[in-house]
Amino acid sequence: MLPTAPVVRRPRRYLHFDALVQRVRQRFQKLPEQRRAPTFALADTLMAGLALFSLKDPSLLAFQRRALDHNLHTVFGLPAVPSDSQMRAILDDVDPAALRPVFRDVLRPVQRGKVLEDYVFLNGCYLLALDGVEYFCSQQVHCAHCLTRQQRNGTVAYYHQLLGAALVHPDFPEVLPLAPEPIQRQDGQHKNDCERNAARRWLQQFRKDHPHLPVIVTEDALSSNAPHVRDLQAAHCHFILGVKRGDHPYLFEQFEQGLLADQVQGVHEQDTRTGASRSWLFVNGLRLNESNQEVLVNFVMALEFEADDSAHEWTWVTDLGVRRGNVRQVARGGRTRWRIENETFNTLKNQGYHFAHNYGHGDNHLAVVLALLMMLAFLIDQVQQKCNPLFRQAWHKKGPKCELWETVRHLFASFEVSSMQEIYEAIVYGYVRPQLQALDAQTPASQAVASDTS
Ligand SMILES: [Zn+2]
């Protein structure tokens, strides 16, 4: 017990790690068990996967070393840990679609706690970034759902991608991922899947999960094609999609003609301090491309001219009516798309989550189930970052995220605790090392942990 620890104000405890893990567990327990007389319950095995990614262990073997860890029971409710081969075999048979509702279960209290209100971006809508990412590639290891591509040297590469989705806002670094859609060979299909088909499935499922959530979807230039725009419209989603001169010559031609005819409107500003200037140009009601004349879009161009004469240009199409009063905000929404790439995929790859690391591939669903569990662990961490002051203090104290995860892993393995919150408290307020005398008397380590400030 730390006598000097100040009392921590704990608003919205239902958004803290331990409460969210409990919600996840409840969902996992509802999933139907297909196996007869299983050695390990499905819910426990899925929780073991979540614990693996919450602790960011670098391998299943490292996780296995925790097999007798008291804290796996108290923090994750695990009575025991399946062996790595049991874990791989059980998760390989889990239908990835069964994991979708758990993302909604985590988002719901975020919504109830009014946190989501911060993310309203424009016209009462949330900004939703969508993008595809590859998380596995091999020339040998493969499963029934691998995509394939012929490489230059004639060999075949097997790979997996997923379509990530996250609620984002330019003012906040935290992203709130929704259930991703696997881009993979569908059951019984011999053809590769593609991002456009995955987006169609994702949008249909999104509207089932969140029938009334008003969103503006923001994506890169690969998405600005007529079939996808129709899918977005069918799902009642607004959009701000990147466009490129090289890919959309007909659209840019109309814009140039609009400039000549003085139909393009704009807003300009000059930074007198740096000499840089910015312009936002727009014209409503252009045709997206020549072969789909009926698909009308509004066009926005943002230009930045630096004092050294270098210039940058960004362009988007949107269904939002663009005016002088909102053109900057529309462009800002378009530029926030990078958060799915930077704050989500790059964080998963480079900040301790081991995304794209092969924890096991399986014959059926293992690769994608592990990817979904990792995304779920990331969502819970993002909610901590946004809503748990103690987590933020712990992070601030440790500096880089990897340092924080390292300390969490160390404390988790070294001291008995009853919650993750206790570990954050121990990081923030310190912990008392066991005394020699206490060790001689074989005092349980838990008595030496100073963490509970309640
Ligand atoms: Zn595969």
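Scroll up to find the structure.
Residues numbered from 1 in each chain as written. Predicted model: local features only at pLDDT ≥ 70, side-chain atom pairs only at ≥ 80, totals over all residues. Heavy atoms only, no water.

Let's talk about the pattern of salt bridges
Any two side chains of opposite charge can pair, so long as their charged atoms come close to each other.
Here is step 1 of the chain: In the structure shown here, the tally under the stated rule is 25 salt bridges.
Here is step 2 of the chain: Between arginine 230 and glutamate 294 there is a salt bridge, with its nearest N and O atoms 2.5 Å apart. Taken together, the residues arginine 230 in helix α8 (residues 226-234) and glutamate 294 in the loop between β9 (277-287) and β10 (296-305) connect sequence positions 64 residues apart.
Here is step 3 of the chain: Taking relative accessible area as the criterion, glutamate 294 reaches 53% and is therefore assigned exposed.
Here is step 4 of the chain: Here the residues in one salt-bridge network are Arg100, Arg104, Glu181, Asp193, Arg201 and Asp209, joined through shared partners. (Salt bridge = Lys/Arg side-chain N within 4 Å of Asp/Glu carboxyl O. Helix = DSSP H or I, 4+ residues; strand = E, 2+ residues; numbered from the N terminus. Buried < 20%, exposed > 50% of the residue type's maximum accessible area, 1.4 Å probe, protein only.)

What about the pairing of strand β3 (residues 147-150)?
Here is step 1 of the chain: Here β3 runs beside strand β4 (residues 156-169); their pairing, made up of four bridges, is antiparallel. Across the sheet, threonine 148 pairs through a bridge with tyrosine 158, a residue of β4.
Here is step 2 of the chain: Hairpin remark: β3 followed by β4, antiparallel, with five residues in the connecting loop; positive phi at glycine 154, about 90 degrees. (Pairing = 2+ DSSP bridges.)

Some remarks on the coordination of the zinc ion
Here is step 1 of the chain: Taken together, Cys143 (SG), Cys146 (SG), His160 (NE2) and His361 (NE2) make up the protein donors of the zinc ion, found 2.0 to 2.2 Å from the metal.
Here is step 2 of the chain: One can describe the donor arrangement at the zinc ion as tetrahedral, given that its four donor atoms subtend angles of 102 to 130 degrees at the metal.
Here is step 3 of the chain: Spacing between the donor residues of the zinc ion along their common chain follows C-x2-C-x13-H-x200-H. With cysteine 146 in the loop between β2 (125-138) and β3 and histidine 361 in the loop between α11 (338-350) and α12 (366-387), this pair connects stretches of sequence that are 215 residues apart. Comparing cysteine 146 with histidine 361, the two get one shared label, buried. (Donors = N, O, S within 2.8 Å, 3.2 Å for Na, K, Ca; no water. Tetrahedral: all angles 85-135°; square planar, octahedral: opposite > 155°, others 65-115°.)

Just distances and angles here, no functional claims.
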